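For reference, the chains in residue letters:
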Amino acid sequence: MNLDTLFGYFDHHLLRTTASRVRVARHLKSGMVQRLQRSKFQILVRHLGRHSRFYREKFREHGIQPNKVRCHADLGGFFTTSDDLRQRPIEDFLCGRPEFGFETTGTSMGVNKRVYFSYSEMVEYGRDGAVGLWNLGLRPDDVVADGFDYSFWNAPFTAFYTIQAMRAFHVIGAFVEPREFYERVRVYKPTVIMGVPTHMVRVTEVAEQDGVWPVKFLLLGGENLSERTRRYIESVWKAKVYLSYGQTEAFGANGIECPDKGGYHVSDLSLVTDIDQPDEEGYGEMVYSTLNRTVMPMLRYRSADITRWATDGPCNCLLKFTPRLAKIVGRSDELINCSMGNISPYWFEEILRDIPQVTDDWQVVVRRGDRDDRIEMHLELRPGESAADVQNHVFANIQERFPDCWRYYTKKFFEFDFQFHEPHSLAGGRKLRRLIDARTRSWND
Ligand SMILES: [Zn+2]
């Protein structure tokens, strides 16, 4: 019996409850986890070589011998990309009979990626997720309400299987109109609320007017959340707001925030996570392999999310032996190299985070200016606020937080063009694309 089979037996037969898994998690040593991870990774590569048409072909093309692969680096220049998922028939990735399908959201390419799972895989993710939620304070006697959108999306099921593994009470409010969500959910007095930031902000606005009840914490995911919005939601509910981070390709379970909020804890027993080609500050694209999947596993998948390993000191939570990813600063397809610098949505979140006169919906368009690039900042000004004050505050923040960028600006390497709009007008109900590179188009676009 190899190490993985032994661990699997132990895990399934002796660690049935979240509480017992938590007790074991406390004593896991990183050396033991590394050995198990490596063993699971080797099994994964061989599994793919035997059962997936796509991976078999790619291994041949790249001269990869599955039996000899022990870590990501052994795969040389091979990565799985989202284009592979879009362009190849899904059957080429399948290694077993699928029982559930999800699609990725927010893609601008016209073809949605599909990702398939089995029930037992989702149960497995739920068991892992429950340990992460225990770490944030969830217990079996809690009442959880979730406000996730159910169409084609994995997030509500990640929540479902996690809450089921915890054996907590669950009521599904889903993505109904915020006031209805608030009023109907209030009857259950949920101690934990889950959902997406844009929806929960609206629910919180209702709660601010009509009153709150005791809540342990809120768990949000699926979109970026600015620190300002987090503080607002926390101030109304008088409870902590935590974030989970994940892609559909990993059942939305890439990481769950540490109670200290110093990054997302990553489970080394269900994922191999790497930062590809990190820059001098450690930032690069996160790539990962899924270790607990047999139906449609992902091998060294390019996430397109830019982040780095958390650099602040070790935390003191239950998962302190697992690594932490820092905040996601942008998408590799959203990084724009222009005369302002190598800009990402993170820059503008940092620049705007303490300017409450504008809303969280903003968009930046990079255009060709008279001499060099023109950075068009589209902001939503709240009623009665002064555009000139906002502009001055933006300049002061750039000077303080991005001094190099400020120097380029004072040397006139690029220009700013501020355009102010009414609140709720930029997004028009859709997910807002934060950065647009319009330089490739003609001037009049
Ligand atoms: Zn921690």
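Residues numbered from 1 in each chain as written. Predicted model: local features only at pLDDT ≥ 70, side-chain atom pairs only at ≥ 80, totals over all residues.

Enquirer: How should the overall build of the chain be read in this particular structure?
Expert: Helix and strand counts for the chain come out as 13 helices and 20 strands. Whereas a compact globule of 445 residues would reach a radius of gyration of roughly 22 Å, the chain reaches 23 Å, a difference of no more than 12%. Dimensions of the chain along its principal axes, counting C-alpha atoms only, are 70 × 55 × 40 Å. For the chain, the proportion of its 445 residues judged to be buried stands at 34%. (Helix = DSSP H or I, 4+ residues; strand = E, 2+ residues; numbered from the N terminus. Rg over C-alpha atoms; globule rule 2.2 N^0.38 Å. Buried ≥ 20, exposed ≤ 12 C-beta atoms within 10 Å, placed from the backbone.)

Enquirer: Quick question: what am I supposed to make of helix α6 (residues 119-136) here?
Expert: Each α-helix winds once per 3.6 residues, and so residues spaced three or four apart point in a common direction. Helix length check: α6, at 18 residues, gives a terminal C-alpha distance of 26 Å against a target of 26 Å (1.5 Å per residue), a fit within 8%. For α6, the buried fraction is high: 13 of the 18 residues fall into the buried class. Backbone geometry just after α6 places G137 at a positive phi near 120°. (Expected span 1.5 Å × (residues − 1).)

Enquirer: Could you clarify how one ought to interpret unusual backbone geometry in this entry?
Expert: Peptide bonds are trans in most cases, and residues, glycine excluded, mostly fall at negative phi. Positive phi values are uncommon outside glycine, yet K189 reaches one of about 50°. Positionally, K189 belongs in the loop between α8 (178-186) and β5 (192-195). The exposed category is assigned to K189, around which 11 C-beta atoms lie within 10 Å. One non-glycine residue, Q277, adopts positive backbone phi at about 45°. One can find Q277 in the loop between β10 (271-276) and β11 (284-290).

Enquirer: What exactly am I supposed to notice about the sheet that holds strand β18 (residues 373-381) here?
Expert: Spatial ordering of the open sheet is given by β19-β18-β17-β20, a layout of four strands whose pairing is mixed. Each edge of the sheet is formed by a strand with only one pairing partner; in this case those strands are β19 (414-421) and β20 (435-437). Sheet twist, expressed as the average angle between the axes of neighbouring strands with direction ignored, equals 20°. Sheet analysis places strand β17 (residues 358-368) next to β18, joined by eight bridges and oriented antiparallel. Bridging across to β18, V364 finds its partner in M377. (Pairing = 2+ DSSP bridges. Axes fitted to C-alpha atoms, helices over the stretch in contact; angles between N-to-C directions.)

Enquirer: What exactly am I supposed to notice about the pairing of β17 here?
Expert: Looking along a regular strand, one sees side chains alternate from face to face of the sheet. What sits between the antiparallel neighbours β17 and β18 is a turn of four residues. Pairing geometry for β17 and β20, over three bridges, is parallel. In the strand pairing of β20, V364 is matched with L435.

Enquirer: Explain the packing of α8 against helix α9 (residues 197-210) here, please?
Expert: Any two packed helices are characterised by how steeply their axes cross, that is the angle between the axes, and by the distance between the axes. At a closest axis distance of 8 Å, the pairing of α8 and α9 adopts a crossing angle of 60°. Viewed along their axes, α8 and α9 adopt a mutual orientation that is oblique. The crossing of α8 and α9 is right-handed. Packed against α8, whose contacting residues are P178, R179, F181 and Y182, the element α9 presents H199, R202, V203, V206, A207 and D210 at the interface. Counted by class, the contact of α8 with α9 contains six nonpolar, one polar and three charged residues. (Parallel < 35°, antiparallel > 145°, perpendicular 65-115°, else oblique. Left-handed = near helix turned anticlockwise from the far one by under 90°. Contact = placed C-beta atoms within 7 Å. Nonpolar A, V, L, I, M, F, W, Y, C, P; charged D, E, K, R; others polar.)

Enquirer: What is the right way to read the domain arrangement of the chain from this model?
Expert: We note that the domain assignment places domain 1 (1-328) and domain 2 (335-437) within the chain. Computed over C-alpha atoms only, the centres of domain 1 and domain 2 are separated by 32 Å. (Domains from an automatic or database assignment.)

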